[in-house]
Amino acid sequence: MYTAIGYAAQSATTPLAPMKFERRSPRADDVAIDILYCGVCHSDIHQARNEWGIAVYPLMPGHEIIGKVTAVGADVTRYKVGDLVGVGCMVDSCRECEACHADLEQYCFEGMTQTYASPDRVSGGHTMGGYSNSIVVNEHFVLRIPAALDPASAAPLLCAGITTYSPLKHYGVKAGDKVGVLGMGGLGHMGIKFAKAMGAEVTLFTRSASKADEARRQGADHVIVSTDAEQMAAAAGRFNFLLDTIPVQHDLNPYLDTLRFNGVHIIVGLVEPIDPPVHAAKLIMGRRVLAGSLIGGIAETQEVLDFCAEHNISCDIEMLDIRQINEAYSRMIAGDVKYRFVIDMATLKA
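If you're wondering where the values come from, they're calculated on a predicted model, not measured in any experiment.

What counts as what
- Residues numbered from 1 in each chain as written.
- Predicted model: local features only at pLDDT ≥ 70, side-chain atom pairs only at ≥ 80, totals over all residues.
- Heavy atoms only, no water.
- Salt bridge = Lys/Arg side-chain N within 4 Å of Asp/Glu carboxyl O.
- Helix = DSSP H or I, 4+ residues; strand = E, 2+ residues; numbered from the N terminus.
- Buried < 20%, exposed > 50% of the residue type's maximum accessible area, 1.4 Å probe, protein only.
- Axes fitted to C-alpha atoms, helices over the stretch in contact; angles between N-to-C directions.
- Parallel < 35°, antiparallel > 145°, perpendicular 65-115°, else oblique.
- Left-handed = near helix turned anticlockwise from the far one by under 90°.
- Contact = heavy atoms within 4.5 Å.
- Nonpolar A, V, L, I, M, F, W, Y, C, P; charged D, E, K, R; others polar.

Focus on the pattern of salt bridges
So, step 1. Counted according to the given criterion, the structure contains 18 salt bridges.
So, step 2. Residue Lys 169 pairs with Glu 303 through a salt bridge whose shortest N-O separation is 2.9 Å. Placement of the pair is Lys 169 in helix α4 (residues 160–170) and Glu 303 in helix α10 (residues 298–311), with a sequence separation of 134 residues.
So, step 3. The partly exposed category is assigned to Lys 169, whose relative accessible area is 39%.
So, step 4. Glu 303 gets classed as partly exposed once you look at its relative accessible area, which sits at 28%.

Set out below in structure tokens:
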């Protein structure tokens, strides 16, 4: 064991504050990493404030981690000291079930071990995330960061990136398809970039006409203001796919009307009950699919990193001093960030 430092919440109502804690020494198949950057995901806020009712304290968020390898266990073959690496949303799984054997560790039948606030299946206790100066992770769950990527802006690719890339790839988005992206936050702006790189014609759905210029800067071909009944009616039956990144409850029915027959509406932002209910006829009458998707497996997460390096895709970020993390949370809730905070861990002092 060794002593690490980071920022953690001690309860659902207390701000994040510095904390010293114990990390395990590397096992034979572990990689030890000094953390350089860590992205700030909206789920960090949900967890820190126990808005999903599953938090454990002390809770140290952070699952978009970029760092350098400082030590490797005797059995490690993929990495060496000095390598630039990443750690995303999970750090373990059973690795024996059907999902794990299919490189879909995020759907592990026993449940993946998340990077923070998750029971550690080996050590006991619960995992502590990337708002810290270091981490130790089994090599299977460590990612190689391509040299072509900027390390700081690569951090959100490990969550926001894979969350939007995985469903577009799984459902077969291809050149010529018409893809609608609902919402343009941390997830939405990445969805636009990926769909465009896959050759699709991309439309942003937004409640605000003021976002049109920004959407086009991100690569969108068209913008539909979802509160404009005429624009929504004109879009009926147009889209092959909808990537729904909206993180709060919203009415899916008007969006389903914009799908072609065999169209797919993919939810990646909402983790609450759908309200108001979906009218089943909107699915039945067009053989439409309402689907969900959760991050991606380790192999696919490496794939998205390589895809971004090849296509010069990165996340739009604002660098953050970790001492301002609580203010950053308030700004995120207000929508005042374009589009992802990334913590510079050089600002974390013992």
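Regarding the packing of α4 against helix α5 (residues 186–197)
So, step 1. As a packed pair, α4 and α5 sit with axes 9 Å apart at the nearest point and diverge in direction by 45 degrees. One element, α4, and the other, α5, form an angle in the oblique class. Judged by the sense of rotation from one axis to the other, the crossing of α4 with α5 is right-handed. On α5, the residues touching Ala 160, Gly 161, Thr 163, Thr 164, Tyr 165 and Leu 168 of α4 are Gly 186, Leu 187, Met 190, Gly 191, Phe 194 and Ala 195.
So, step 2. Tallied by class, the residues present in the contact of α4 with α5 amount to 7 nonpolar, 5 polar and no charged.

As for the environment of Leu 36
So, step 1. By the element assignment, Leu 36 lies in strand β3 (residues 30–40).
So, step 2. Judged by relative accessible area, Leu 36 falls into the partly exposed class, the value being 31%.
So, step 3. In this structure the C-alpha to C-alpha distance between Leu 36 and Gly 161, which are 125 residues apart in sequence, comes to 19 Å.
So, step 4. In contact with Leu 36, other than residues within four places in its own chain, are Ile 66, Gly 67, Lys 68, Leu 84, Ile 343, Asp 344 and Met 345.

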